[in-house]
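Structure at a glance
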Amino acid sequence: MRYIDLTAVHLKAARALLGWSQHTLADKSGVAASTIKRLESVSGALDKADNSTRIALYNGLALAGIQFLNGGEPGVRLMSEPQDPAS
């Protein structure tokens, strides 16, 4: 299983680009809205969250067209064509 390096800023910025609420991201990723709320309040990397949670969030956002940039530094953009995160 690969390691996903996300920050709270990644999550908030990606949701903003998509116009998604925390509840929408919860529905799309299978991660509880309360977990998303807690993770978005963290300063810096989400390294205390389970990697499976980070992967679920990453995949839910990537399937909607979000591309994560800058390694572990905050950076996201909305792709014109959503891509399968497994590819």
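Treat the numbers as computed from the prediction; the structure is a model and nothing was measured.

Once that is clear, we can look at the overall build of the protein chain. Each helix and strand counted, the protein chain has 4 helices and 2 strands in total. Counted over contacts in the protein chain with a minimum sequence separation of 6, partners at least 24 positions apart contribute 59%. Looking at the protein chain as shown, the accessible area adds up to about 4,900 Å², and 49% of this sits on carbon and sulfur atoms.

The next subject is the packing of aromatic side chains. In this structure the tally under the stated criterion is 1 aromatic pair. Ring centres of Tyr58 and Phe68 lie 4.9 Å apart, and the angle between their planes is 25°; this geometry places the pair in the stacked category. One end of the pair, Tyr58, is in helix α4 (residues 51-63); the other, Phe68, is in strand β1 (residues 66-68), with 10 residues separating them in the sequence. Looking at Phe68, the relative accessible area reads 17%, which means it is buried.

The next thing to look at is the pattern of salt bridges. A full pass over the atoms with the stated rule returns 1 salt bridge. Note that Arg15 is salt-bridged to Glu40, the shortest N-O span being 2.7 Å. Of the two residues, Arg15 sits in helix α1 (residues 8-18) while Glu40 sits in helix α3 (residues 33-40), which places them 25 residues apart along the sequence.

This paragraph deals with the nonpolar core. Among the nonpolar cores identified, the biggest contains 23 residues, and Leu6, Leu11, Leu57, Leu61 and Phe68 are the most heavily contacted of them. Examining the composition of this core, we find that 6 residues originate from one element, α4, more than from any other. Once residues lying within four places of it in the same chain are set aside, the contact partners of Phe68 are Leu6, His10, Tyr58, Leu61, Gly75 and Val76.

This part takes up α4. Taking 1.5 Å per residue as the helical rise, α4 with its 13 residues ought to reach 18 Å, and the 18 Å between its terminal C-alpha atoms agrees with that figure. Counting buried residues along α4, 10 of its 13 residues qualify, which places the element largely inside the surrounding structure. The set of residues buried in α4 consists of Asn51, Thr53, Arg54, Ile55, Ala56, Leu57, Tyr58, Gly60, Leu61 and Ala62. Contacts from the buried residues of α4 go to α1, α2 (22-29), α3 and β1. Count one or two residues on from α4 and you reach Gly65, which has phi positive near 110°.

Taken together, the buried positions of α2 are Leu25, Ala26 and Ser29. Projection of α2 onto a plane perpendicular to its axis shows the buried side chains occupying an angular sector of 105°, all on one side. The outward face of α2, more than 90 degrees from its buried face, is lined by the exposed residues His23, Asp27 and Lys28. Contacts made by the buried residues of α2 are with α1, α3 and α4. The N-cap of α2, judged by a side-chain oxygen 3.3 Å from the amide nitrogen of His23 a few residues on, is Ser21. Backbone geometry just downstream of α2 places Gly30 in the positive-phi region, at approximately 80°.

Rules and cut-offs
Residues numbered from 1 in each chain as written. Predicted model: local features only at pLDDT ≥ 70, side-chain atom pairs only at ≥ 80, totals over all residues. Heavy atoms only, no water. Helix = DSSP H or I, 4+ residues; strand = E, 2+ residues; numbered from the N terminus. Contact = heavy atoms within 4.5 Å. Areas by Shrake-Rupley, 256 points an atom, 1.4 Å probe, with all protein chains shown as cover. Phe/Tyr/Trp six-rings, centres within 6.5 Å; stacked < 30°, edge-to-face > 60°. Buried < 20%, exposed > 50% of the residue type's maximum accessible area, 1.4 Å probe, protein only. Salt bridge = Lys/Arg side-chain N within 4 Å of Asp/Glu carboxyl O. Core = buried A, V, L, I, M, F, W, Y, C linked by side-chain atoms within 4.5 Å. Expected span 1.5 Å × (residues − 1). Arc of directions from axis to C-beta. Polar contact = N/O pair within 3.5 Å; in protein donor to acceptor, adjacent residues only side chain to side chain.

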